[in-house]
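Residue-level structure breakdown
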Amino acid sequence: MAVAPPARRATVRGVAATPGTRATGLVPVDLGSTTVEVPVVLVNGAQPGPRVAATAGIHGAEYVSIAALREVALGVDPATMRGSLVAVLTASPAAFAARTIYVNPVDGLNLNRQFPGDPDGSPTRRLAHWLTTTVIAGSDAFIDMHCGDMNEALVSFTGIEDTGDPAVDARSRELAEAYGLRYLLIGPSPGTTTTAAAALGIPAVLGEVGGQGRWPADDVALHAAGLRRVLRAAGVIGDAPDEPAHRSEILPTEAWMRSSTTGYWHPGVTVGERVEQGTIVGEVQDAFGVVLERPAAPMDGVVIFLVSSLAMNAGDPLLALAR
Ligand SMILES: [Zn+2]
């Protein structure tokens, strides 16, 4: 943590909050071929303290994370806060509007593979650059809220990077443990927000709860409670929901399985299930039921996320295992 500056105006390109207030605004971001309006909430505490940044909707159809961040950013009380919260409620507005899976429809790129971005690149790379330089840079801690995409089920987990800087890694670990989800995965994740934060020496946590295009109240509450505990651990708010009864189980090794064929996906395992190396995890069939492939688990592990759509494309993820 940097030494806290005196309480001062918090600003993000045209949105400004004086100490003890909350400001909201749609911030125009020039992506070259188009301009998007990114909804930002700035909560500026009455007392000086750390700046925490949080994003949701990097993937536009991940509703639990979007709903939870809106709830927390619009609910915390600036009068009792220290420091500030910069909340980007839907970081990829065109993807949210179009309800797209994985990618930004403007150019078909996955925003969370383009960080730290490029100011002269394609629209999604420009958006990543804006988020890196305007939102992530200058923060004392960063939280990126996700969930399973429209076509994915998952067990709740946090993710952090192994940056090689012991102080940053210890702080990220502390924030992830405060989030308190079922599992804690440890990177690397090239091209993602947390990798961009790591490169800037900023402790960062990925949080994942729910999915499949739904946003049930229980999932939103779990995600929001985790964020509040992170804000407390970061020193921004004084009270938060109680710690969960169990510590996150740490899973440092991750393996993604991808389909090599296009067809109809019939999973044979469920999300959260523990499978052994060699277990057949399902099959991809052609339109008429002929089996095209029966992929086997490359290692023992927990099914962290599982694609739940019947439609499958060659190269798409099937599931991820972690242990
Ligand atoms: Zn996501």
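Let us look at the structure shown here. Every value quoted in this text rests on a predicted model; they were computed, and no experiment measured them.

1. Quick notes on the side chain of E283
Along the polypeptide, E283 turns up in strand β16 (residues 282-285). There is a polar contact of 3.3 Å between the side chain of E283 and the side chain of R294. For E283, the residues in contact, after removing those within four places along its chain, are Y264, W265, H266, V291, E293, R294 and P295.

2. So, the packing of helix α4 (residues 166-179) against helix α6 (residues 217-233)
At their nearest, the axes of α4 and α6 sit 7 Å apart, and the two run at 140° to each other. Overall, the two elements α4 and α6 adopt an arrangement that is oblique. Along this stretch, α4 crosses α6, giving a crossing that reads as right-handed. Here R171, L175, A178 and Y179 of α4 lie close against α6, whose contacting residues are H223, G226, L227, R229, V230 and A233. In terms of residue class, the contact of α4 with α6 is built from 6 nonpolar, 2 polar and 2 charged.

3. Quick word on the sheet that holds β16
Taken together, the 4 strands give an open sheet; going across it, the order is β17-β16-β14-β19, and neighbouring strands pair in antiparallel fashion. One side of each edge strand has no neighbouring strand; the edge strands of this open sheet are β17 (291-293) and β19 (311-312). Direction of pairing for strand β14 (residues 263-267) relative to β19: antiparallel, over a ladder of 2 bridges. When the bridges of β19 are listed, G263 appears paired with M312.

4. Thoughts on the sheet that holds strand β5 (residues 47-56)
Sheet architecture is open: 9 strands sit in the order β3-β4-β6-β5-β7-β11-β9-β10-β12, paired in mixed fashion. Since the sheet does not close on itself, it has two edges, and those belong to β3 (21-30) and β12 (249-251), each with one partner. Adjacent strand axes in the sheet meet at a mean angle of 20° when their direction is disregarded. Pairing analysis gives 5 bridges linking strand β4 (residues 35-44) to strand β6 (residues 82-88), with the strands arranged antiparallel. Following the sheet pairing, V43 is matched in β6 by L85. Those strands touched by α4 are β7 (141-146), β9 (157-160), β10 (183-186), β11 (204-208) and β12, and its axis lies near 25° from that of β11. α6 rests against β5, β6, β7 and β11 of the sheet, and its axis sits at about 175° to β7.

Cut-off values and rules
Residues numbered from 1 in each chain as written. Predicted model: local features only at pLDDT ≥ 70, side-chain atom pairs only at ≥ 80, totals over all residues. Heavy atoms only, no water. Helix = DSSP H or I, 4+ residues; strand = E, 2+ residues; numbered from the N terminus. Polar contact = N/O pair within 3.5 Å; in protein donor to acceptor, adjacent residues only side chain to side chain. Contact = heavy atoms within 4.5 Å. Axes fitted to C-alpha atoms, helices over the stretch in contact; angles between N-to-C directions. Parallel < 35°, antiparallel > 145°, perpendicular 65-115°, else oblique. Left-handed = near helix turned anticlockwise from the far one by under 90°. Nonpolar A, V, L, I, M, F, W, Y, C, P; charged D, E, K, R; others polar. Pairing = 2+ DSSP bridges.

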